[in-house]
Amino acid sequence: MPGKLKAKIVAGRHLPVMDRASDLTDAFVEVKFGNTTFKTDVYPKSLNPQWNSEWFKFEVDDEDLQDEPLQITVLDHDTYSANDAIGKVYIDIDPLLCSEAATVISGWLPIYDTIHGIRGEINVLVKVDLFNDLNRFRQSSCGVKFFCTTSIPRCYRAIMVHGFVEELVVNEDPEYQWIDRIRTPRASNEARQRLIFLMSGELQRKIGLKVLEMGGNAVVGYLQCFDLEGESGLVVRAIGTACTLEKISTFPATATHPSNSSPSKDMKEPVFGEEAPGVPLSSGPPTPLRAQTFSSFSPSKSYSRQSSSSDTELSLTPKTVGIFLCPSAPALEYESSPLPSAHLPLHLRPRMASMSSTPPPFHVSQSDSAMLRKSVSFSEELLLAASGMGSGGSAGKDAGPLKALLKQQTQSALEQREYPFFTLTVFPPGFLLHVGGVVSARSVKLLDRIHNPDEPETRDAWWEEIRQEIKSHAKSLGCHAVVGYSESTSICEEVCILSASGTAAILSSRFMQDGPLDTELRLSQQPLCVFSTGSERVEGDMGSSASLGFEEVVSPGCGFCHIPYDELNIPFPAQLTYCYCCRRYKVPDVLFTTIDLPTEASVTGKGCLIQARLCRTKKKAQGEVNAMAISNLLPFLEYELHTQLMNKLKLRGMNALFGLRIQISVGETMLLGLASATGVYLTALPSPGGIQIVGKTPSDITYEQHISNMQKKINDTITKNKELYEINPPEVVEEIIGSPIPEPRQRSRLFRSHSESSDDVSEIDLSHGKKDAFVLEIDDTDAVEDIHALLTDSPTPAGFYSCNTEIMPGIQNWTSAIQMFTSVRVFRLNANLTNQGLNKIFSDLCENLLKSLYFKLRSMVPCCLCHLNFTVAIPEDELIQVAVTAVALSFDKVQTLENGKQSGEKTPIKAITENDEQLQFNLELNAETSSSSISPKGLSEVGSHPSARAPSVDYSSFADRCSSWIEQLKLKAHTIRRGSVKTTSSMEKASPLPEGRSRSLRSNRSYSGSSVAVVKMTPLSFIPGAKIIKYLGIINMFFIRETSSLREEGGVSGFLHTFIAEVFAMVRAHVAALGGNAVVSYSMKECVFMENPNKNQAQCLINVSGDAVIFVRESELELTSVQPQSATTQTSNGGEGT
Amino acid sequence: MSVELDVFVGNTTIMDKEVYQLWLNGYTVNDAVKVRIEGGVMEECEASAEVLLSDTMDQYRTFQMCERLLHHPAKLANQLLFQIPPDRQAMLIERYYAFDDLFVREVLGKKLSKGTKKDLDDVSTKTGITLKSCRRQFDNFKRVFKVVEELKGPLVENIRQHFLLPDQLARDYAAIVFFANNRFETGKKKLQYLTFQDFAFCAGQLINNWTLGAVDNMMEDMDVDLDKEFLQDLKDLKILITDKDLLDQHKSLVCTALRGKTNVYNEMEANFKNLSRGLVNIAAKLINAKDVRDFFIDLVEKFIEPCRSDKWTSIDMNLYLTHYTNSAHILDTFKHHAVWTRYMGVIKSCILRLYHD
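What counts, and at which threshold
- Residues numbered from 1 in each chain as written.
- Chains lettered and ligands numbered in written order.
- Predicted model: local features only at pLDDT ≥ 70, side-chain atom pairs only at ≥ 80, totals over all residues.
- Heavy atoms only, no water.
- Helix = DSSP H or I, 4+ residues; strand = E, 2+ residues; numbered from the N terminus.
- Buried < 20%, exposed > 50% of the residue type's maximum accessible area, 1.4 Å probe, protein only.
- Contact = heavy atoms within 4.5 Å.
- Areas by Shrake-Rupley, 256 points an atom, 1.4 Å probe, with all protein chains shown as cover.
- Lys, Arg positive; Asp, Glu negative; His and termini not counted.
- Charge placed at Lys NZ, Arg CZ, Asp CG, Glu CD.
- Axes fitted to C-alpha atoms, helices over the stretch in contact; angles between N-to-C directions.
- Parallel < 35°, antiparallel > 145°, perpendicular 65-115°, else oblique.
- Left-handed = near helix turned anticlockwise from the far one by under 90°.
- Nonpolar A, V, L, I, M, F, W, Y, C, P; charged D, E, K, R; others polar.
- Pairing = 2+ DSSP bridges.
- Domains from an automatic or database assignment.
- Buried area = accessible area lost by both parts, 1.4 Å probe.
- Salt bridge = Lys/Arg side-chain N within 4 Å of Asp/Glu carboxyl O.
- Disulfide = S-S within 2.5 Å.
- Polar contact = N/O pair within 3.5 Å; in protein donor to acceptor, adjacent residues only side chain to side chain.
- pLDDT = per-residue confidence, 0-100.
- Core = buried A, V, L, I, M, F, W, Y, C linked by side-chain atoms within 4.5 Å.

The name given to chain B in an unreviewed UniProt entry is Acidic fibroblast growth factor intracellular-binding protein B-like, with Carassius auratus as the source organism.

Chain A has the name C2 domain-containing protein 5 in an unreviewed UniProt entry, where Carassius auratus is given as its organism.

As structure tokens, this is what we get:
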């Protein structure tokens, strides 16, 4: 009996009139938990009853506490007939089970009915007394904290990041169980709501168990989804990242670990980044500093030991062969083949194209349960190919057996895990070392009934396949981990597309425990040796790999852009140049990732939302034929989306995408693809070239005219965009210095015909950055379409910025004005539209939606729409549904300008200092460059398998770019500790999240008096101008609303408007009842809307989640924390004295 | 191809004041969009007509959803469905309960019944105010009336507390309720020159001086009804005109006081008895509910019109009424000083207010 749940029903208000005769209600309440039910007395004839009940006590297992919600039903007593239900409240007990979260639930909660919506409110008090249960075999996982936030929560510190946790549970969907098709809406909806509550609870408990098993105490980036598979059942699945978190207790803690205490510190890093290179440069050889870094770190802290082993990774990474995709390369494959499905080589797209690449009859015969299984052998094949390539490539240039050993060791830590995946998108400093490209996998499945809900093996197996594939893609990119990982599904009838995507990356093992500790110890000394050799300057024979080993010292905000691989071994034509920041290491021309922009990254100008939208019609079909058709279409869809993204990126003069999210939605007659990302100009990457339009038949003069007009339009747009986003990289500097790069690339080229591009592939000169072109050939109808798509994207109105990441680079001084919103649109299409027509409609739909948002929020200007999250669905034939949830943040324009100036002034200086040091390496690098480009090995790699290998990775993994991200953190931490006080304080002001450090920790005391009347909601993990002082637990709610009087409720729009408002209200009320005043990382994960206008009916399901928190405004904090702060200074002084 | 569903829901409910006003004015969505386009909001914000339409529809929907709450403004503050900042709430309420003077003149003093509501389309055509807006205003009157009717205590304060209205608006509503309750006739042609504010002023005077609450606000009864006892006592004033001596005495006192101070002395002297009879008769008849209704007509017919035809100025009027009231107290046989003061105080300020073109 390890738990006692206590509930007290205090009062009700605003109840509906249940008795027409008296215009009053005789209300009473049933309180149910598990199988136990209590009732209050009837409070007669009142719309505002005061029950003031006794404490109802439930003695239950903690397992049940986790699984079950507390159900409160308000009823109207009726002497003669059955009592009428007014509505229900489900209360998730979970936040009360964790000592660090909420202690009591108390407040007015809306009484909800699935037919009538909110019907008054009820005031309840809920408490839990937990007894410690030390049973090792327990099934509960009380106390494991869950966070939707995809970064380390603000008032915690990550001690350990254990890794990926996943679980899924399945059940029959009550909606489909009604005998003889007699469906009573209320009973059916309530059964469903309750079931999903139960399943979420169970899922969370199971995940919690896994976390405990791993030794963690929290799940970060918890993502739970529902698959409403219709007749085949209901699947609730979740993924997350298990961590061991430590609450940042009090002042001394932050004072001693300034670098890893909270993400807000990340903001400071650019400054350190700027300073860091300066120091070693002036002193010539960078080594002394490095040595210091090590000596000061490794003995003191356990994690520092691990971090030193991360250095070993650094030196290893270059060895790992990244299979890299040039965005232009794939073009050849697709454009050339008239019958793509036939042409796609087997090793292409092991997952996505499995349907097309596999001889269908063979498979069908194998899959007896009508479920399409696909052969894993393809991915293995790819793997083999990749690894073979890797070893072959690296053999030639291997710097020595030591590194091979190191590589094995560090990678083993991650390889021991089943899935080295992380749902985080923002990382504790020092965790993320190298960013690879985007990896994704999709699989088309046919749903069948889940026969045994207790053994959800098929669904598990499906996801396992996908994850395996993601893992292998990451591997083939030379990365041992996948970050920013997420999974999703799209279901239409019996066809289901499973998708997973993430960013291949190399992580520091500093936060990971799996690696054998003594090995790390042993290894940690070896890197030191490497460094000492380095101190005598990197010699020519050490080559790039050696110099890469030192990158951590040099790289400021550019480190993560440097390529992690040896350019000799690039099996495809990538455009490599020297890093525009440090000039020492090569960087790719474009970088795509699914994570948030690392805060230390140096960015020129501002970012913007970039979307690729695509519609493809398909024939109506059934079963396997349908699945086959879909999987045949998928690669084209992804390719087109990719091309669009690339074009739009170039049009905006930017060179990197963050937060990339590609959603593919399936309907009966079409497929919908929507890719959203935030484009930025990474200072370290080369300036993107323009877009050149070429006509194929140059004879016609008017045609030429047309083309040149278009060209002019495009050029103008690019110029305009550069101005708009303040992209003005300091190109002058490079001229002065005399960069080692022969010629900065001016344009890139999109190849649109097979013959042309294949020629180009063989002659591509990797390192010379030869004047390549991003050519759109106009005779190609697709190209015309592309150009139209490009030019129809209207710019954001003045004063607006938009992004789908957490923060917008270049904007810092947010005001406290925030406005979260959800907007949903459903569009009805005409029948018989062409692909082009569809595309245009879909694109316009998204554009208009954005325009509407800007208009709505015009009073907040200047403002930025952050975390713009688009979800598309095809609820019915000929219907497209787009839902957007985002937050608008106002910022202060004046200060922005000042900041802009400041950074503008700083950049050139920085560049110069960097370049100073740069020169020292020029010779070696040049030599190496030439050798690598000439190297017959490299050439043959590229030349011999261009059609087979290069595109294969691109398609199968959709991995666009790889780049290395070298750890700088210890150095930075060091700088902080050494006390660059000036920098720190100034940055604190400028940071977008000016979260005070030591003083802000005094949270709890100062909070007590605050009002909870207003509850803020935001999809971001923070609240500008405020400090989150406590996480109260996860909010995960599922509601169904149905109506049979659609017209009377204002039609579909009125119905949904009310429902969304109700959902917001319920979220706010539950947060307030937990004692919170905000929800962060809020998201609407599901919004399924169905209507039947003929019957005047509609139904909608909404699933939302987020983290309930208490925040305190910075200004309040300052007032309230005067006293504690003095205490802080004392303690910290004392600490320093010792 | 058409937008089938289009909603926008903010955590803080976004409401545009301009659109709110258009909605209150009873414009259709399309008309509202036209007005907004003419207002130039499109150029300001780089929007298209489509965007404007979507926004307007969305706002209209929000207002419709809020309307239910606005009927009980106190609920707006503790409802959970919409998160609206307090200043916004106040704005919503104030504007919702605001009314057109033109409209209120049409229904002032009428019974707030279904019958009256049915005639609102005539009112709408007459005033040029949309029927929708007329209905809202009428329903507001009725709602306030119904709530306040049953309440004890000061009328204005009750309205202010129950409907969270600003002071001036609460006073106006008090006037409307008071007029509706006593069914004062305001629609006659002779009264057309009077504005709502004229009547509201008079209502304020009546409420403050002639109701039960005026004497003792601890009284069980309310502000809405006139003090019956007082009305009864008014009959005693008749002596001022029935007693010939008193009347003559009164006249001579007033004439002495006014001689040389006014340009209309002669007309005043000639008309004194008529005017005095008029005022005292009004007082004496107020005990009958029917005559209460005609209070304003009587005032205008019996007093204001004769004076106006004699071209009295407001100053003359003020002078006359002051001396007329004060002289009565000097009369030896006149005993009803308290009632006289209570009566004439109100009459004087009402007449002064109503005496204009």
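The structure having been displayed, the exposition proceeds.
A. Focus on the overall build of chain B. Along its length, chain B carries 22 helices and 1 strand. The principal-axis extent of the C-alpha atoms belonging to chain B is close to 90 × 45 × 35 Å. Scored against the burial criterion, the 357 residues of chain B give a buried share of 51%. By sequence separation, contacts in chain B at least 24 residues apart represent 70% of the contacts at least 6 residues apart. Working note: accessible area of chain B is about 15900 Å², and carbon and sulfur atoms make up 51% of it. In chain B, 47 positive and 52 negative side-chain charges are present, and the distance between their average locations comes to 6 Å.

B. Region of the structure containing the packing of helix H11 (residues 155-163) of chain B against helix H12 (residues 167-182) of chain B. Residue and element names in this part refer to chain B. Axis separation between H11 and H12 bottoms out at 8 Å; the angle between their running directions is 120 degrees. By the criterion of interaxial angle, the relationship of H11 to H12 is oblique. Here H11 runs over H12; the crossing is right-handed. The residues of H12 that touch H11, namely those facing Leu155, Val156, Ile159 and Arg160, are Asp167, Ala170, Arg171, Tyr173, Ala174 and Val177. In the contact of H11 with H12, the residues fall into 7 nonpolar, no polar and 3 charged.

C. Broad picture of the pairing of strand S3 (residues 36-39) of chain A. All names here are of chain A. The pairing of strand S2 (residues 27-33) with S3 spans 4 bridges and is classified as antiparallel. Paired with lysine 32 across the strands is threonine 37, a residue of S3. Hairpin connection from S2 to S3: 2 residues lie between these consecutive antiparallel strands, with glycine 34 at a positive phi of about 60 degrees.

D. How the structure looks around the domain arrangement of chain A. All names here are of chain A. In terms of domains, chain A is made up of domain 1 (1-131) and domain 2 (143-249). In this assembly, 17 residues from domain 1 lie in contact with 17 residues from domain 2. With both chains or domains summed, domain 1 and domain 2 bury close to 1700 Å², and 50% of this area falls on carbon and sulfur atoms. The interface formed by domain 1 and domain 2 includes 4 salt bridges. Breaking the side of domain 1 that touches domain 2 down by element, the ones donating at least two residues are helix H1 (62-67), strand S5 (69-76), strand S6 (84-92) and strand S7 (105-113). Examining the composition of the side of domain 1 that touches domain 2, we find that 3 residues originate from one element, H1, more than from any other. Considering only residue class, the side of domain 1 that touches domain 2 consists of 6 nonpolar, 4 polar and 7 charged.

E. Structural context of the pattern of salt bridges. Within the structure shown, the criterion is met by 48 salt bridges over all chains. A salt bridge links glutamate 63 of chain A to arginine 205 of chain A; its shortest N-O distance comes to 3.7 Å. Placement of the pair is glutamate 63 of chain A in helix H1 and arginine 205 of chain A in helix H2 (residues 185-214), with a sequence separation of 142 residues. For lysine 126 of chain B, the salt bridge goes to glutamate 106 of chain B, with nearest N and O atoms at 3.1 Å.

F. Focus on the sheet that holds strand S29 (residues 1026-1043) of chain A. Residues and elements named next belong to chain A. Strand order across the open sheet formed by 4 strands is S28-S30-S31-S29, with mixed pairing between neighbours. Both edges of this open sheet fall to strand S28 (1016-1017) and S29, since each of them pairs with a single strand only. Note that strand S30 (residues 1078-1092) and strand S31 (residues 1097-1113) share 12 bridges and pair antiparallel. Opposite methionine 1090, over in S31, you have glutamine 1099 as the bridge partner. Each of S29 and S31 is contacted by H2, which is oriented at about 145 degrees to S29, the strand it contacts most. Taken strand by strand, helix H29 (residues 1051-1073) contacts S28, S29, S30 and S31, and its axis lies near 145 degrees from that of S29.

G. Highlighting the state of the cysteines. Following the criterion strictly, the structure yields 0 disulfides over all chains and no others. Looking at the unpaired cysteine 492 of chain A, the closest cysteine sulfur is the one in cysteine 496 of chain A, lying at 11 Å. Judged by its relative accessible area of 12%, cysteine 492 of chain A falls in the buried class. Here cysteine 350 of chain B stays free of any disulfide, with the sulfur of cysteine 202 of chain B as its closest cysteine sulfur at 3.6 Å.

H. View of the side chain of glutamate 167 of chain A. Residue and element names in this part refer to chain A. Assignment of secondary structure puts glutamate 167 in strand S10 (residues 156-171). Among the polar contacts made by the side chain of glutamate 167, one reaches the side chain of lysine 210 at a distance of 3.5 Å. Ignoring sequence-local partners within four residues, the contact set of glutamate 167 consists of Leu203, Lys206, Ile207, Lys210, Val236, Arg237 and Ala238.

I. Expanded view of the interface of chain B and chain A. The interface is formed by 35 residues belonging to chain B together with 50 residues belonging to chain A. Counting each side, the surface lost to burial between chain B and chain A is near 3700 Å², with a carbon and sulfur contribution of 57%. Applying the counting rule to chain B against chain A returns 5 salt bridges. The partner of arginine 825 of chain A in a salt bridge is aspartate 6 of chain B, and the shortest N-O contact between them spans 3.0 Å. Applying the counting rule to chain B against chain A returns 25 residue pairs in polar contact (both at pLDDT 80 or more). Breaking the side of chain B that touches chain A down by element, the ones donating at least two residues are strand S1 (2-10), helix H3 (41-45), helix H4 (49-70) and helix H5 (73-78) of chain B.

J. Up close: the environment of threonine 322 of chain B. Residue and element names in this part refer to chain B. Looking at the secondary structure, you find threonine 322 in helix H21 (residues 314-330). For threonine 322, a relative accessible area of 25% translates into the label partly exposed. For threonine 322 and aspartate 227, which are 95 residues apart along the polypeptide, the C-alpha to C-alpha distance reads 24 Å.

K. Representation of the sheet that holds strand S27 (residues 879-891) of chain A in the model. The sheet built from 5 strands is open, its strands ordered S24(A)-S26(A)-S27(A)-S25(A)-S1(B) with mixed pairing. The open sheet has two edge strands, strand S24 (800-802) of chain A together with S1 of chain B, and neither has a second partner. Across the sheet, the mean angle from the axis of one strand to that of its neighbour is 25 degrees, orientation sign disregarded. Contacts from helix H22 (residues 835-856) of chain A reach S24, strand S25 (814-828), strand S26 (863-873) and S27 of chain A together with S1 of chain B, with the element oriented near 145 degrees to S25 of chain A. Running over the sheet, H4 of chain B touches S25 of chain A together with S1 of chain B and is turned about 60 degrees from S1 of chain B.

L. The arrangement of unusual backbone geometry in detail. All names here are of chain A. Geometrically, the link from valine 861 to proline 862 is a cis peptide bond, its omega value of -5 degrees lying close to zero. Here proline 862 is to be found in the loop between H22 and S26. Positioned with a positive phi, histidine 867 is a non-glycine residue whose angle comes to about 55 degrees. Within the secondary structure, histidine 867 is located in strand S26. For glutamate 878, which is not a glycine, the phi torsion comes out positive at approximately 70 degrees. Note that glutamate 878 resides in the loop between S26 and S27. We classify glutamate 878 as partly exposed; its relative accessible area is 29%.

M. Main features of the domain arrangement of chain B. Residues and elements named next belong to chain B. Annotation of chain B at the domain level lists domain 1 (17-82), domain 2 (101-191) and domain 3 (228-354). One C-alpha centre belongs to domain 1, the other to domain 2, and the line joining them spans 25 Å. At the interface, 7 residues of domain 1 touch 8 residues of domain 2. Between domain 1 and domain 2, roughly 740 Å² of surface is buried when both sides are summed, and carbon and sulfur atoms account for 53% of that area. The three residues of domain 1 that bury the most area against domain 2 are Leu24, His71 and Pro73, which together make up 53% of that side's buried surface. Counting every contact that joins domain 1 to domain 2 gives 0 salt bridges. Every element with two or more residues in the side of domain 1 that touches domain 2 is listed here: helix H1 (17-24) and H5. In terms of residue class, the side of domain 1 that touches domain 2 is built from 4 nonpolar, 3 polar and no charged.

N. Looking closely at the confidence of the model for chain A. Put simply, chain A has an average pLDDT of 68, and 59% of its residues get 70 or more. This stretch, residues 250-407 of chain A, has a pLDDT under 50; its non-local contacts, to residues over four places away or in other chains, come to 372 contacts.

O. Quick look at the nonpolar core. If you look at the biggest cluster of nonpolar residues, it comprises 204 residues, and the most contacted ones within it are Leu70 and Ile93 of chain A together with Tyr320 and Tyr343 of chain B. If you tally residues by element for this core, the top one is H29 of chain A, at 14 residues. Excluding anything up to four places from it in sequence, tyrosine 320 of chain B contacts Val254, Leu258, Met268, Phe272, Leu275, Phe303 and Trp312 of chain B. Membership of the second largest hydrophobic core comes to 46 residues, among which are Phe422, Leu432, Val435 and Ala601 of chain A.

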